[in-house]
Amino acid sequence: MYVKKKYYFCAIILTKIIKVMRKFLLSLVAICFLALGAQAQEMSKGQLVGSARLGLGGGGFPVAVSADYGIVDHLINKKDAISVGGQVGMFIWNDGYESHINFTLTARGNFHYQFIDNLDTYAGLQIGLHTAGLGFGFDLGARYYFNDKFAANLEFGGCGFTGVSAGISMKL
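These numbers were taken from a predicted model, which means no experiment stands behind them.

1. A few points about the packing of aromatic side chains
For the structure shown, the criterion picks out three aromatic pairs. For the pair Tyr113 and Phe115, a centre-to-centre distance of 4.8 Å together with 55 degrees between the ring planes defines the contact as tilted. Ring geometry for Tyr144 versus Phe146: centroids 5.8 Å apart, planes at 75 degrees, classification edge-to-face. On the basis of relative accessibility, which here comes to 10%, the residue Phe146 falls in the buried class. When the ring centre of Tyr145 is taken as origin, the NZ or CZ atom of Lys171, which lies over that ring, is 4.7 Å away.

2. A short note on the pattern of salt bridges
Counting across every chain of the model gives five salt bridges. Measuring nitrogen to oxygen at the nearest pair gives 3.0 Å for the salt bridge that ties Asp68 to Arg108. Of this pair, Asp68 sits in strand S2 (residues 60-73) while Arg108 sits in strand S4 (residues 99-113), and the two are 40 residues apart along the sequence. For Asp68, a relative accessible area of 1% gives the class buried. The residue Arg143 makes a salt bridge to Asp120 at a minimum N-O spacing of 3.2 Å. Of this pair, Arg143 sits in strand S6 (residues 133-145) while Asp120 sits in strand S5 (residues 119-130), and the two are 23 residues apart along the sequence. Looking at Asp120, the relative accessible area reads 2%, which means it is buried.

3. Focus: the sheet that holds strand S8 (residues 164-171)
Around the barrel, which closes on itself, the eight strands sit in the order S1-S2-S3-S4-S5-S6-S7-S8 with antiparallel pairing between neighbours. Across the sheet, the mean angle from the axis of one strand to that of its neighbour is 25 degrees, orientation sign disregarded. Here S4 pairs with S5 via 10 bridges, running antiparallel. Counted as the bridge partner of Arg108 is Gln126 from S5.

Rules used in this analysis
Residues numbered from 1 in each chain as written. Predicted model: local features only at pLDDT ≥ 70, side-chain atom pairs only at ≥ 80, totals over all residues. Heavy atoms only, no water. Phe/Tyr/Trp six-rings, centres within 6.5 Å; stacked < 30°, edge-to-face > 60°. Buried < 20%, exposed > 50% of the residue type's maximum accessible area, 1.4 Å probe, protein only. Lys NZ or Arg CZ within 6 Å of the ring centre and 35° of its normal. Salt bridge = Lys/Arg side-chain N within 4 Å of Asp/Glu carboxyl O. Helix = DSSP H or I, 4+ residues; strand = E, 2+ residues; numbered from the N terminus. Pairing = 2+ DSSP bridges. Axes fitted to C-alpha atoms, helices over the stretch in contact; angles between N-to-C directions.

Dropping the structure here:
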């Protein structure tokens, strides 16, 4: 009986977290659509971009906040850059008996390339700490900019979990 009560309590908390994040992300998407019109530039040296994402994968729900800072650009042509940054996240899952949370704190490095206007695609590596210890991971993602500041973000991979997450990015 105790396991069922604990599972029920964790399920309620997880449901509330998902509802709040969904409302937050939908609000940000609405703001982005209201500001349509300007053409965004690709990641460049000195550019700081923050992202908030919610996702699915590995039998659970990843939630992450990350920041990328452009350190080098124009290596191949005027459409590429390299960024470094960090990510704080958590992965919430249930094994059938109880809920678990895996916290992550990672450093990340990405290579960015803009194939088409307003689309910042990137791939990179992550290294960091998570609840189970030291972890390595990869990420592959894209940001579609609605204007000079706001973008929708889709990312695959991670450190401490593997999955797909979507959210909002903002140039700071």
